[in-house]
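# A look at the structure
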Amino acid sequence: MAKGVREREFQNLMIQWSLPMGWAFTAGRSLPRETTQTVVAVHLRDAIVRLNPGLIDGFDVDAVVEEIIATVNAVEGGLVRANEQVLRLLRGLKEFRDADGVWHALKVIDFEHLNANTLVVSDEVTITVPGKTSRRFDLVYWVNGLPLVVVEVKSPTAKSGWADAAREINDVYVTEYLWFFTPNVFAVASDGLRLRFGAAGAPTYLWQPFRSTADDENLSGQADVQRSVELLLNPATVLDMLANFALFDTSGGGVDKKYLPRYPQMEAAHLIHERVLAGGQKGLIWHHQGSGKTLLMVFAASLLLADTRTESPTIILLSDRTQLVRQTSGVFTSALGDAYFHQPATSQELRSLLADDVRGVISTTVHKFADAGKNLSTRSNIIVLVDEAHRTQSDRSESLAGQMRAALPHAKFFGMTGTPVSNLATDTFALFGEETDPGRVLHRYSVSRSLLDGATVPIMLDPHPVAFEINDQALQAEFDQFADDFDLDDPDREALSRKFGRLTSVFTNPDRIHAVCEDIVDHYLAGAYRNGLKAQVVAYNRELAVAYTEKINELLADLRASQVLAEVGKHDRITAEVNISVSDSKDEDRAMRPFQLSEAEEEEQKRRFLTPGDPLCFLVVTAKLMTGFDAPNEGVLYLDKPLKAHTLFQTITRPNRAWVSPTGFVKTSGVVVDYIGLAEEVQRAVVDPTSPKAGKGGGFVTDLSELVAEFRATFARIEDLLVDVDGLDLTVHGYESVRAINVFLDANPGAAEVFTKDYRLLARLYPLINTDKRVAKYRDGFGLFGSVYTTLFKKSSDEERKERLSELGPMVLEIINAHVHSFSVVASQEEALVLDAQGIAILKELLALVRPMPGKDDEDKTPPSAAEILDHIKASLEKGIEPGSAKYTALAERIKLLRDRIIQNAQDALEFLSEALRIARAIVDAEKHPNEAVVLDDDHVGVLSRIIHDHAPSGFSVMERNLAEEIDQVVTRTLARTWDNADARNRGVRRATAAVFRRYTLKPVGEPYDSTVAYIEAHYLVD
């Protein structure tokens, strides 16, 4: 892709940051490779000879290089499988046959001595094959001639961001040149303000930042990107990722997957590894719920198994649920084969594995250690990695955890948790934490870091209290009468009071069930459903879970729900299903048995819930799936059950997983709708007791009522500010209202600054509360304020825009765009032109049009700046066309606009040159045909825009200027189409103009529409 100056500048910065880390720079065009080649063969050959002394003499080195290149270029089976095979080769696990027919593993990369490798970073690396469009990678990091990292960058001042760069890698480079990515460890995308890395081809929502938990959380912008480059693109990190952390699941039974670690997973896995090598016995890993602790265990286990110093350990992946076994089996089967991964089906099978001294990975549940006995295995290189360490782990000898520890007396135990517990029954800190670790925590990944990284999203607590009235005296009188009628004595009366005076009686009330379920359905259809999100309902007990499911399905089938479904257009019908524990025991309630799910049925149910397009939208539970169920597309949890402490914490974090829908909707928060009134209990549950910043909400749970109150107060401040705007109606989001507010803000110094500050706060709050009925009446006013804000934004200076862009983030811009029309937000900066060979060719053509061809002595001179080019064009205009003529005025204005607009907004030197070339050609045509009207090409600046620019009356707003400019644009675009006849063309132009008026909430009848049509007929429709 062609580069603009700022993009190149940032690209060069990344190279500068890379050099001190050991990378040597070689320009892409100077690499000793053909553009059709993936591998720099000469570097690869030299490395193989250098890294295999005493062994390589028995090989035909060129044949080895050819075999490696052939493996790199083979893409059968898809990228993930090809990538797995090539990385296995790079890890030195592939054997080659020497001249005597003996097989040997050869080193391709030295993982122990980084400087023994050839480390090169290159820019503008071209790849091409006959019949395909050639592409250029911005940066490629090569190790021994193999492209391990590909980087795509965007300008810090461009509209496009890191996600656009990532999509370019996935949708263009990977699609067209798949084989270039078979050696790829990871790809990087950055816009200069943010940096993300991911597996090439993986969806952008899986791309992650790379930071350090030791750094300041507030690091942002270019400083954050530089630190990310220093951490992620350090040769040690790249090779560590290659050797230990790029894992695959290609064992069959699903889509092939490649797993890369988040930086806290990488840090924690190394700490576990180091603790084991140092002889330590335990460690507590405290990572925020939803940030990937299960995968952390997989990475840690892989690291331990690969190190010969651990002497063939046995790694036990322990959970209190069977899902962990299924989640991890594919990764280990791909990495180790079936022989080294074990999933004991019974307690007896688990005991046999341990008694037989089996090595590798055993994935099991804590329940299988029941009655295991003492000293089942006394080895010290048994490492137990415990998921959700706060739940089934205690130091009591009779507990399951106590029995496990008695069976494995010398094992090492590492606990993973998002909610460590410290109470009379369980103390996670004492059980897993070393006293020498700060706060008894080996590694911490905080809530705030998780939110900052986008690993999780914040939770909004939305109280929906269920009110009811009760007449105590009448109830007591009726009960007494009932007891008298049946001649009940006092003990019987007390027994009945206790049994039926419990909370269950309130929850099972049919009117309450209907009210709660109706609110659930209305709330869901108004918000989460429209964005493709799904919902979980937590009921008080199993019977109520069944009752809620039936009532929700009844409501989903009624006319009101059907109308919403028809409006959205995704489904004809959506459903709820129940997921509860139902046993096979003879004492099981017969009424519950129809709801018993087999393991396969439960997995199928969860699969349908996790599938965005599937009509299963609600799962109703009471205990199951409240913890340990990872559903990123769950947007809202309806909580109608009293919970406490860590169980409450685990439950309310169900909707906190980050997610991007197939249509591009970005989940920015999860919602917990609380029917119980658990706000205070939630605040206690989420507080980090060891954090110096511990306080209300733990940093990620916010009471929605507080946000609504803040929104209302802020909206009221803007209303007060605009109280003197005559005739302003905040319920009318139209052209006249926007214009009136703009005129007022222009006339009152300081008012625009106050308005901007408050609107930006509204814009941050709105996406979090927009489905709340309490803000419905503010929506028109918020939309109106958004249009006003955008006109102010468009008038801002370049530096102000850049600063606001970095603060607002994509969600706020999305909101702005939803309420305004045809505005663009682009920071600008005039730059000197930096031209490559193609640019020089265009420049010569351009200058040939406006001045004599340069002589030989001028061939090698430095290319002129943009301003110099325009000066040459303007001089040619003054020389060839009579000043003061209509044609001169039109072209001079065009040059002025190019100077003011195109140079400043151009992200590409060639874009500017192409625009300048069209103007120069227009001047030449004007000289040749003095009596013909000037053609304005595709500049889209017509006569109306120029008249307004030159002759606009005072008080003429930016909104009106934009309307004029858009009318010119839409007319010229419409005229560019091929029409059957003049009448069809004229009708098409009028329809397009009417559409513009409607977008500006102006009626396409009467004034100013009639005058606009008259203007168009006079200046455009000349046939």
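Owing to the predicted nature of the structure, the values given are computational and were not obtained by experimental measurement. (Residues numbered from 1 in each chain as written. Predicted model: local features only at pLDDT ≥ 70, side-chain atom pairs only at ≥ 80, totals over all residues. Heavy atoms only, no water.)

Helices and strands together make up the secondary structure of the protein, namely 36 helices and 24 strands. Each of the 1023 residues in the protein was classed as buried or not, and the buried ones make up 51%. Summing over all exposed atoms, the protein offers an accessible surface of approximately 45,700 Å²; the carbon and sulfur share of this is 51%. (Helix = DSSP H or I, 4+ residues; strand = E, 2+ residues; numbered from the N terminus. Buried < 20%, exposed > 50% of the residue type's maximum accessible area, 1.4 Å probe, protein only. Areas by Shrake-Rupley, 256 points an atom, 1.4 Å probe, with all protein chains shown as cover.)

The subject of this paragraph is the packing of helix α7 (residues 235-245) against helix α8 (residues 263-277). Relative orientation and spacing of two packed helices are given, respectively, by the angle between their axes and the distance between those axes. Where α7 contacts α8, the axes come no closer than 13 Å and their chain directions differ by 70°. Our classification of the angle between α7 and α8 gives roughly perpendicular. On the side of α7, the interface is formed by Thr 237, Asp 240, Met 241 and Phe 245, while α8 contributes Met 266, Ala 269 and His 270. Its residues assigned to classes, the contact of α7 with α8 comprises 4 nonpolar, 2 polar and 1 charged. (Axes fitted to C-alpha atoms, helices over the stretch in contact; angles between N-to-C directions. Parallel < 35°, antiparallel > 145°, perpendicular 65-115°, else oblique. Contact = heavy atoms within 4.5 Å. Nonpolar A, V, L, I, M, F, W, Y, C, P; charged D, E, K, R; others polar.)

Glancing now at the pattern of salt bridges. Throughout the structure, instances matching the rule amount to 31 salt bridges. In this structure, Asp 164 engages Arg 167 in a salt bridge whose closest nitrogen and oxygen atoms are separated by 3.2 Å. Of this pair, Asp 164 and Arg 167 both sit in helix α5 (residues 162-176), separated by 3 residues, roughly a single helical turn. Residue classification places Arg 167 among the partly exposed residues on the basis of a relative accessible area of 37%. (Salt bridge = Lys/Arg side-chain N within 4 Å of Asp/Glu carboxyl O.)

Before going further, it helps to examine the packing of aromatic side chains. The full count for this structure, using the stated rule, is 23 aromatic pairs. Ring geometry for Phe 711 against Phe 782: centres 6.2 Å apart, planes inclined by 55°, an arrangement best described as tilted. Residue Phe 711 is found in helix α24 (residues 704-721), and its partner Phe 782 is found in helix α27 (residues 779-795); the two are separated by 71 residues along the sequence. Among the residues examined, Phe 782 registers a relative accessible area of 0% and is labelled buried. In textbook terms, an aromatic cluster arises when at least three aromatic residues are bridged by ring pairs, as seen for Phe 711, Phe 715, Phe 755, Tyr 759, Tyr 778, Phe 782 and Phe 785. The ring of Phe 96 has Lys 94 sitting right over it, with the charged end atom 5.6 Å from the ring centre. (Phe/Tyr/Trp six-rings, centres within 6.5 Å; stacked < 30°, edge-to-face > 60°. Lys NZ or Arg CZ within 6 Å of the ring centre and 35° of its normal.)

What follows covers the nonpolar core. The biggest cluster of nonpolar side chains holds 110 residues, and the ones touching the most others in it are Met 14, Leu 90, Leu 148, Phe 181, Phe 186, Met 241 and Leu 385. The element contributing the most residues to this core is helix α9 (residues 293-306), with 8 residues. Excluding anything up to four places from it in sequence, Leu 148 contacts Leu 90, Ile 109, Tyr 141, Val 143, Pro 183, Asn 184, Val 185, Phe 186, Val 238, Leu 239 and Leu 242. In terms of nonpolar packing, the next biggest core, distinct from the first, is built from 70 residues, Leu 525, Leu 544, Val 582 and Ile 741 among them. (Core = buried A, V, L, I, M, F, W, Y, C linked by side-chain atoms within 4.5 Å.)

Every buried residue of helix α2 (residues 41-51) is listed here: His 43, Leu 44, Ala 47, Ile 48 and Leu 51. Projected down its long axis, α2 carries its buried residues within an arc of 130°, all on one side. For α2, the secondary structure elements touched by its buried residues are α3 (61-73), β4 (119-127) and β6 (146-153). (Arc of directions from axis to C-beta.)

As a further point, take helix α20 (residues 559-568). Residues lying three or four places apart along an α-helix face the same way, a consequence of the helix completing one turn every 3.6 residues. Those residues of α20 lying buried are Ala 561, Val 564 and Leu 565. Axial view of α20: buried residues confined to an arc of 100°, hence all on one face. Opposite its buried face, α20 presents the exposed residues Leu 559, Ala 566 and Glu 567, each directed more than 90 degrees away. Where the residues of α20 are buried, they touch α18 (510-526) and α19 (542-556). For α20, the N-terminal cap is Asp 558; the gap from its side-chain oxygen to the backbone nitrogen of Arg 560 is 3.3 Å. In the segment just after α20, Gly 569 is the residue with positive phi, at about 80°. (Polar contact = N/O pair within 3.5 Å; in protein donor to acceptor, adjacent residues only side chain to side chain.)

This paragraph deals with the sheet that holds strand β15 (residues 382-386). Here 7 strands make up an open sheet; going across it, the order is β13-β14-β12-β15-β16-β11-β17 and the pairing parallel. In the strand order of this sheet, the two ends are held by β13 (341-342) and β17 (443-445), each with one partner. Its contacts with the sheet place α8 against β11 (282-287), β15, β16 (412-417) and β17, and it is angled at close to 175° to β11. Where helix α11 (residues 347-355) meets the sheet, its contacts fall on β12 (314-319), β13 and β14 (360-365), and the angle it forms with β14 comes to roughly 155°. (Pairing = 2+ DSSP bridges.)

Here Arg 608 lies in helix α21 (residues 599-610). Reaching out from Arg 608, the side chain makes a polar contact with the side chain of Glu 577 at a distance of 2.9 Å. Beyond its immediate sequence surroundings of up to four residues, Arg 608 is in contact with Lys 534, Glu 577, Asp 614 and Leu 616.

Looking at the protein as a whole, the pLDDT averages 77, with 68% of positions reaching at least 70. Between the elements of the protein, mean pLDDT differs from a low of 38, seen in helix α28 (residues 798-819), to a high of 97, seen in β6. With pLDDT under 50 throughout, residues 692-698 is counted as low confidence; its partners more than four residues away or in other chains account for 9 contacts. Low pLDDT, under 50, characterises residues 901-908; the stretch is placed with 29 contacts to residues that sit more than four places away or in other chains. (pLDDT = per-residue confidence, 0-100.)

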